[in-house]
Amino acid sequence: MSKREGEGCGRKRKTESAQKTEEYVDRSSPVIEAFKLFQQELDTKHDKYERLVKLSRDITIESKRTIFLLHRVTSVPNVEEVLNEANSRLDAVRQKIGHIAEELGEDDLYQFHKAFMPGIQEYVEAVSFHHFIKHRTLISLEEINACLVFMRDEKTKTKVCGRGLCPGACVLTFQVTPTDYLLGVADLTGELMRMCISSVGNGDVDTPFELSNFLRQIHDGFSYIGNVGPYEVSKKLHTLRQSLGKVEDACYTLRVRGSEIPKHMLADVFSNRAAVLEEDEGAV
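Residues numbered from 1 in each chain as written. Predicted model: local features only at pLDDT ≥ 70, side-chain atom pairs only at ≥ 80, totals over all residues. Heavy atoms only, no water.

A. How the structure looks around the overall build of the protein chain. A count of helices and strands for the protein chain gives 9 helices and 2 strands. Ordered by position in the sequence, the α and β elements of the protein chain form the string α-α-α-α-α-β-β-α-α-α-α. A burial count over the protein chain gives 38% of its 284 residues as buried. Counting only contacts in the protein chain whose residues sit at least 6 apart along the sequence, the fraction spanning at least 24 positions is 73%. (Helix = DSSP H or I, 4+ residues; strand = E, 2+ residues; numbered from the N terminus. Buried < 20%, exposed > 50% of the residue type's maximum accessible area, 1.4 Å probe, protein only. Contact = heavy atoms within 4.5 Å.)

Here you go:
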């Protein structure tokens, strides 16, 4: 008998054995019924997880678009118009976060946290960037969470108020975790560094010094955390130091050689110096 024929016979015997086993399985057994319930719970959980991943992806995309829009404030005459448009986009992002609150319902937030974590961090980065441009301060976690309160009427499909539809209007809340807030603020520093370079390229020599002081305060705040916080926080602290170093280097160049370099060439000079700093840090 050839090897292929032997494998075919083996599969046939296994199939016959499986069929005989199924004949002796009692479908009404409590064990079988319990496993059916487990299967339904896992399928429901996996489906919800995938829906949250999709919502997180949409939030990430819209938040990035808002950040790109906000970078225009360094080159447009009407800054307020850009801020209003960005705020409208952030309102749309908040509605998607409301859908996350609907999906979570009464479930534990941390059970599905990994599914929507990237989108929430990107939203924190966008809303903190918008807040800084408008108020020149860092938005707090309480201020972010205060905007994530949603109203849903009885016509809206939701599972938050009990396990069925709400009899009337109900309030949904979503709370950004402290870790997501810290990681979003850490990503903000990269956008502020880009804003610094863009500002100098448009002849604004005051913004880099303002950004340098602001970034130094954020760096000092993160330094208090040290290695106590999550691994992602300490990892992004290195990127924060890089951004601060580039902004301080730009301020140093402005202060020492600002009068020697034409304004239309300042952005190119800083970009080249930033590239050299990255190469040096990579070599180390």
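From this point, the narrative continues.
B. Expanded view of the UniProt feature "binding site: Mg(2+)" (unreviewed entry) in the protein chain. Sites flagged by UniProt as "binding site: Mg(2+)" (unreviewed entry) map to Glu125 and Glu191. Taking the farthest pair of C-alpha atoms as the criterion, the annotated set spanning 67 residues converges on one region, since that pair is 8.7 Å apart. Mapping glutamate 125 onto the fold places it in helix H4 (residues 113–135). Setting aside chain neighbours within four positions, we find glutamate 125 in contact with Ile67, Gly184, Asp187, Leu188 and Glu191. Summarising the element assignment, glutamate 191 is placed in helix H6 (residues 178–201). Not counting residues up to four positions away in its chain, the partners in contact with glutamate 191 are Ile67, His71, Glu125 and Phe129. (UniProt positions renumbered as here; feature names shortened; annotations may be inferred.)

C. View of the packing of helix H2 (residues 30–70) against H4. Here H2 crosses H4 at 20°, and the two axes come no closer than 7 Å. As judged from the angle between their axes, H2 and H4 are roughly parallel. The two elements H2 and H4 cross, and the hand of that crossing is left-handed. Contacts between H2 and H4 pair Tyr49, Leu52, Val53, Ser56, Ile59, Thr60, Ser63, Lys64, Ile67 and Leu70 from the former with Lys114, Ala115, Phe116, Pro118, Gly119, Glu122, Tyr123, Glu125, Ala126, Phe129, His130 and Ile133 from the latter. Residue classes in the contact of H2 with H4 are distributed as 13 nonpolar, 5 polar and 4 charged. (Axes fitted to C-alpha atoms, helices over the stretch in contact; angles between N-to-C directions. Parallel < 35°, antiparallel > 145°, perpendicular 65-115°, else oblique. Left-handed = near helix turned anticlockwise from the far one by under 90°. Nonpolar A, V, L, I, M, F, W, Y, C, P; charged D, E, K, R; others polar.)

D. Spotlight on the pairing of strand E2 (residues 170–173). The alternating pattern of E2 places Cys170 and Leu172 on a buried face and Val171 and Thr173 on a face that is not buried. When strand E1 (residues 149–152) meets E2, the two strands line up antiparallel, connected through 4 bridges. Residue valine 149 lies in a different strand from E2, and its bridge partner there is threonine 173. (Pairing = 2+ DSSP bridges.)

E. Region of interest: H6. Between its terminal C-alpha atoms H6 stretches 35 Å, which fits the 34 Å expected from 24 residues at 1.5 Å a residue. Within H6, 17 of the 24 residues are buried, which leaves it mostly tucked inside the rest of the structure. Backbone geometry just after H6 places glycine 203 at a positive phi near 85°. (Expected span 1.5 Å × (residues − 1).)

F. Region of interest: the packing of aromatic side chains. One pass over the structure, following the stated rule, counts 2 aromatic pairs. Between phenylalanine 116 and phenylalanine 174, the aromatic rings sit 5.6 Å apart at their centres with planes inclined by 70°, giving edge-to-face as the arrangement. Linking phenylalanine 116 in helix H4 with phenylalanine 174 in the loop between E2 and H6, this pair joins segments that are 58 residues apart in sequence. Each member of the pair, phenylalanine 116 as well as phenylalanine 174, carries the same accessibility label: buried. (Phe/Tyr/Trp six-rings, centres within 6.5 Å; stacked < 30°, edge-to-face > 60°.)

G. Representation of the state of the cysteines within the structure. Summed over all chains, the structure comprises 0 disulfides. Here cysteine 251 stays free of any disulfide, with the sulfur of cysteine 196 as its closest cysteine sulfur at 5.7 Å. Classification of cysteine 251 by relative accessible area gives buried; the value is 6%. (Disulfide = S-S within 2.5 Å.)

H. Geometry of the side chain of glutamine 121. Relative to the helices and strands, glutamine 121 resides in helix H4. The contact partners of glutamine 121, leaving out residues within four places of it in the chain, are Asp180, Leu183, Gly184 and Lys236.

I. The pattern of salt bridges, seen in detail. With the rule as written, the count across this model stands at 11 salt bridges. Residue aspartate 91 is joined to arginine 94 by a salt bridge in which the shortest nitrogen-to-oxygen separation is 2.6 Å. Within this pair, aspartate 91 and its partner arginine 94 are both found in helix H3 (residues 79–104), separated by 3 residues, close to a single helical turn. Overall, the relative accessible area of 9% leaves arginine 94 in the buried class. Where arginine 136 meets glutamate 210, a salt bridge forms, and the shortest distance between an N and an O atom there is 3.0 Å. In this pair, arginine 136 sits in the loop between H4 and helix H5 (141–146) while glutamate 210 sits in helix H7 (residues 207–225), placing the two residues 74 residues apart along the sequence. Given a relative accessible area of 33%, glutamate 210 falls into the partly exposed group. (Salt bridge = Lys/Arg side-chain N within 4 Å of Asp/Glu carboxyl O.)

J. View of unusual backbone geometry. Even without a glycine there, the phi angle at arginine 136 is positive, about 60°. Relative accessible area serves as the criterion here: at 32%, arginine 136 is assigned to the partly exposed category.

K. Layout of the confidence of the model for the protein chain. Model confidence for the protein chain is summarised by a mean pLDDT of 80, while 73% of its residues fall at 70 or above. A low-confidence stretch, residues 280–284 stays under pLDDT 50, and its non-local contacts, those more than four residues away or across chains, total 1 contact. (pLDDT = per-residue confidence, 0-100.)

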